Amino acid sequence: MEREENKIDVIVVGGGPAGISCAITIARAGKEVVLIERGKFSGSKNVFGGAIYAKPTREIFPDFEKSAPIERKTVEHKYAILGEEDATVVSYKNKKEEDAVSYSVIRGKFDKWMAEEAKKEGVYLVEETVVRELIVEDGYVKGVRTELEDYFSDIVILADGVNSLLAKQIGLRGELSPEDVALSVKEVIKLSPELINERFHVNNDEGCIYQIFGGPMLGMLGLGFMYTNKDSVSIGLGVTLSELIEKEIRPYDLLENLKKHPEIAPLVKDGELAEYSAHLIPEGGFKKVPILFGAGVMVCGDAAMFVNNLHWEGTNLAMISGKIAGETAVVALGKGDFSEHALSRYQEELENSFIMKDLRTYKDLMSGIQSRTSEFLGYYPKKINSFFEMFTTTDSIPKRQKYWDFIKSFFTDRSLSEIFKDFWAVVKLLWSILVR
Amino acid sequence: MSNLEDKLYTVKYTPDSESHLRPVDECCRVCKSKVCTKICPAGVYEWDEDKKKLIVNYENCLECGACRIACESSSLGWEYPKGNKGVTFKQG
Ligand SMILES: Cc1cc2nc3c(=O)[nH]c(=O)nc-3n(C[C@H](O)[C@H](O)[C@H](O)COP(=O)(O)OP(=O)(O)OC[C@H]3O[C@@H](n4cnc5c(N)ncnc54)[C@H](O)[C@@H]3O)c2cc1C
Ligand code: SF4
Ligand code: SF4
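(A) Examining the confidence of the model for chain B more closely. Residues and elements named next belong to chain B. Summarising the model, chain B shows a mean pLDDT of 95, and 98% of its residues fall at 70 or more. Mean pLDDT across the elements of chain B bottoms out in helix α1 (residues 2-9) (89) and peaks in strand β2 (residues 21-22) (98). For this predicted complex, the interface confidence comes out at an ipTM of 0.96, alongside a pTM of 0.95.

(B) Looking closely at the layout of surface pockets. All names here are of chain A. For the second largest pocket, the calculated volume is near 690 Å³. The wall of the second largest pocket is formed by 25 residues, among which Phe213, Leu310, Leu365, Ile369 and Leu377 lie closest to the centre. When residues of the lining of the second largest pocket are traced back to their parent elements, those giving at least two are β13 (222-228), β14 (232-240), α14 (365-371), α15 (373-392) and α17 (416-434). Per element, the largest residue contribution to the lining of the second largest pocket is five residues, and it comes from α15. Within the lining of the second largest pocket, the residues separate by chemical class into 20 nonpolar, four polar and one charged.

(C) Focus on the interface of chain A and chain B. Contact with chain A, which involves 51 residues of that partner, is made by 39 residues of chain B. The junction of chain A with chain B conceals about 3,700 Å² of combined surface from both sides, 55% of it contributed by carbon and sulfur atoms. Between chain A and chain B we count six salt bridges in total. Glu187 of chain A is the salt-bridge partner of Lys7 of chain B, the closest N and O atoms lying 2.4 Å from each other.

(D) Region of the structure containing the site of ligand 1. Within the structure, ligand 1 sits among 38 residues, and Glu37, Ala51, Arg107, Asp302 and Thr315 of chain A are positioned closest to it. The environment around ligand 1 is built from residues contributed by chains A and B. Here an oxygen atom of ligand 1 and a side-chain polar atom of Glu37 of chain A are 2.5 Å apart. Asp302 of chain A is positioned with one of its side-chain polar atoms (N or O) 2.6 Å from an oxygen atom of ligand 1. Considering ligand 1 on its own, with 1,000 Å² of exposed area, one finds that the protein chains cover 97% of that surface. Within the residue set of the shell around ligand 1, elements represented by two or more residues are α2 (17-28), β3 (51-53), β13, β15 (272-282) and α11 (315-335) of chain A. Counting residues per element, the shell around ligand 1 draws most heavily on β15 of chain A, at three residues.

(E) Representation of the packing of α2 of chain A against helix α5 (residues 107-120) of chain A in the model. Residue and element names in this part refer to chain A. Where α2 meets α5, the closest approach of the two axes is 9 Å, and the angle between their N-to-C directions is 15 degrees. Between α2 and α5, the interaxial angle falls into the category roughly parallel. Along this stretch, α2 crosses α5, giving a crossing that reads as left-handed. Across the interface between the two elements, Pro17, Ile20 and Ile24 from α2 touch Arg107, Asp111, Met114, Ala115, Glu117 and Ala118 from α5. Here the residues of the contact of α2 with α5 are counted per class, giving six nonpolar, no polar and three charged.

(F) Examining the domain arrangement of chain A more closely. All names here are of chain A. With domains assigned, chain A is organised as domain 1 (4-69 + 106-174 + 290-354), domain 2 (179-282) and domain 3 (365-434). Computed over C-alpha atoms, the centres of domain 1 and domain 2 are 29 Å apart. Listed per partner, the contact involves 16 residues of domain 1 and 18 residues of domain 2. Run the count over domain 1 and domain 2 and you get zero salt bridges. Inspection of the domain 1/domain 2 interface yields three residue pairs in polar contact (both at pLDDT 80 or more).

(G) Expanded view of the environment of Val185 of chain A. On the secondary structure map, Val185 of chain A appears in strand β11 (residues 181-190). With 65 residues separating them along the chain, Val185 of chain A and Arg250 of chain A place their C-alpha atoms 10 Å apart.

(H) Geometry of the pairing of strand β12 (residues 206-214) of chain A. Residue and element names in this part refer to chain A. Most of β12 is tucked away: eight of the nine residues are buried. With nine bridges joining them, strand β4 (residues 72-82) and β12 adopt parallel strand pairing. Its bridge partner lying in β12, Lys78 is registered against Tyr210. One ladder, built from four bridges, connects β12 with β13; its direction is antiparallel. Along β13, the bridge assignment pairs Ile209 with Tyr227.

(I) Main features of the nonpolar core. Formed by 143 residues in total, the largest nonpolar core has its most connected members in Val12, Ile157 and Phe306 of chain A together with Tyr45 of chain B. At ten residues, the largest contribution of residues to this core is made by α11 of chain A. Counting contributing residues per domain, this core is built from domain 1 (4-69 + 106-174 + 290-354) and domain 2 (179-282) of chain A, each supplying no fewer than three. Contacts of Tyr45 of chain B, omitting those with residues within four sequence positions, involve Leu21, Cys36, Thr37, Cys40, Leu54, Ile55, Val56, Cys67 and Leu76 of chain B.

(J) Here's a closer look at unusual backbone geometry. All names here are of chain A. Of the consecutive residues Gly49 and Gly50, the connecting peptide bond is found in the cis state with omega at -15 degrees. Within the secondary structure layout, Gly50 lies in the loop between β2 (33-36) and β3. Unusually for a residue other than glycine, Asp270 sits at a positive phi of about 65 degrees. Counting through the fold element by element, Asp270 comes out in the loop between α10 (265-268) and β15. A residue is classified by how much of its surface remains accessible, and Asp270, at 68% relative accessible area, is exposed.

The rules behind the values
Residues numbered from 1 in each chain as written. Chains lettered and ligands numbered in written order. Predicted model: local features only at pLDDT ≥ 70, side-chain atom pairs only at ≥ 80, totals over all residues. Heavy atoms only, no water. pLDDT = per-residue confidence, 0-100. Helix = DSSP H or I, 4+ residues; strand = E, 2+ residues; numbered from the N terminus. 1 Å grid on protein atoms, 1.4 Å probe; cavity = no way out; pocket = protein on both sides within 12 Å on 5 of 7 lines; lining within 4 Å. Points joined across faces, edges and corners; volume = space filled by probe spheres on them. Nonpolar A, V, L, I, M, F, W, Y, C, P; charged D, E, K, R; others polar. Contact = heavy atoms within 4.5 Å. Buried area = accessible area lost by both parts, 1.4 Å probe. Salt bridge = Lys/Arg side-chain N within 4 Å of Asp/Glu carboxyl O. Near = heavy atom within 4 Å. Polar contact = N/O pair within 3.5 Å; in protein donor to acceptor, adjacent residues only side chain to side chain. Areas by Shrake-Rupley, 256 points an atom, 1.4 Å probe, with all protein chains shown as cover. Axes fitted to C-alpha atoms, helices over the stretch in contact; angles between N-to-C directions. Parallel < 35°, antiparallel > 145°, perpendicular 65-115°, else oblique. Left-handed = near helix turned anticlockwise from the far one by under 90°. Domains from an automatic or database assignment. Buried < 20%, exposed > 50% of the residue type's maximum accessible area, 1.4 Å probe, protein only. Pairing = 2+ DSSP bridges. Core = buried A, V, L, I, M, F, W, Y, C linked by side-chain atoms within 4.5 Å.

So, in structure tokens, the structure goes:
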């Protein structure tokens, strides 16, 4: 009897961008859907850089710019290559009014807003509830077991984030290994809007994103980031877990050093720490994508490794994969068929979308860089800075001699065979991105 | 360390009365790296050399999952805290 009462069309586990987008898609098609979130509210367990992307977000929430809690519209992207003390910064600024690319947001506010919108459209939101395991009968996922009660459904969608203990439980993926994730730590630092505008050269409501290479992470597979919010700055970094383990480094020590770097320190000076946080980022990419569907079940978002590290894209892949899983669930409900075969539509649609295409494009990126981390993220970033040091120094040494000294240094710093290996790694990587 | 304390002071927690992190003592005793004590972003684990046992300050856990994946012998018992417990990020 209880089973009938607790039976709905679809259960979605995880109230992040993937789960919310999925649930709202199902509710909009007139089906019953329960969204289960373990935190006190959606967003309360979630951490990102970060910025959400305008176009993919509009696909789920067409008018979100009118009512969502947005911090600042991104008008500038900066790429900072940090040496030990020096820095080379490349910047791209675009102030065109009409096409916002991204907005900085605070997940504690933004995810909560998304979940409220989903509720308005008919999603049953169950918060403060952890799904402990999936209920599997006759080879079909039939429901979920929480601390308090069991819920049953025709389809369960796993949007439970990077750790996805549930995908692991039913064998859709094995255990993650330390190469497959980056551990990131972040601080939100309070600063007045006026100071932010001044230090980042933006107007009110305009924002700037920093992608940071090198510095305290020189020679490590790690990236730093900085985002401007209305009255705070988010600063953090992510380093591949295997690298932290091998080098026995505490992630927050790296962040402290990053905040002290001469390029960064003036930007956060005198700010007050509002919140410290940590989260994993999926890094395995295409090669580590789990099995994406089975009888009565689909996996989306971070749980499916859908992150494009080079571009800091994750929420967009989460939203769109959630939407596709939702659409597939609606089709399956229409036919009353929840078999593996029926749900294979999910994978087909993902293959047709940018999601699988982009993951394929970058399939060799991480392994390519991992094979020569100390060169690509250590030696060359330093070299870029030493080029500018040479170029800007005025010291009565003839310029031609300086150029030749710089060129020669490549061959005296390292052996020819090493240089050839770097060159070959770049060619292979470019080939895999552009062609194969 | 005091620096980490300042950071954790900014985090809102609703601690449970029991730990959601359960190291297996026999495994920890023979564990060479004690890597959980190094990489944890909240400094949750400390090695007690006298008792030959991990001290687990689970109340400080940020629920990232890194220790679970890093554990040398994959023996660390790890689950999410109960629904109304653990960390609540206001900013994220
Ligand atoms: C430091 C950092 C910076 C990033 N920067 C960016 C950026 O700038 N832009 C961008 O687009 N992406 C960024 N990303 C990636 C992005 O945050 C993720 O890809 C995105 O949040 C994935 O969404 P999701 O819904 O799949 O997972 P999540 O957002 O992790 O949501 C999963 C949800 O499931 C819940 N949950 C988990 N298990 C259970 C369970 N058993 N029962 C109930 N609920 C459960 C969790 O509480 C959580 O709310 C960043 C990530 C990190 C860590
Ligand atoms: S890494 Fe694992 S086995 Fe080693 S001390 Fe930590 S919990 Fe114990
Ligand atoms: S989950 Fe993260 S914060 Fe919690 S104990 Fe493990 S490593 Fe530390």
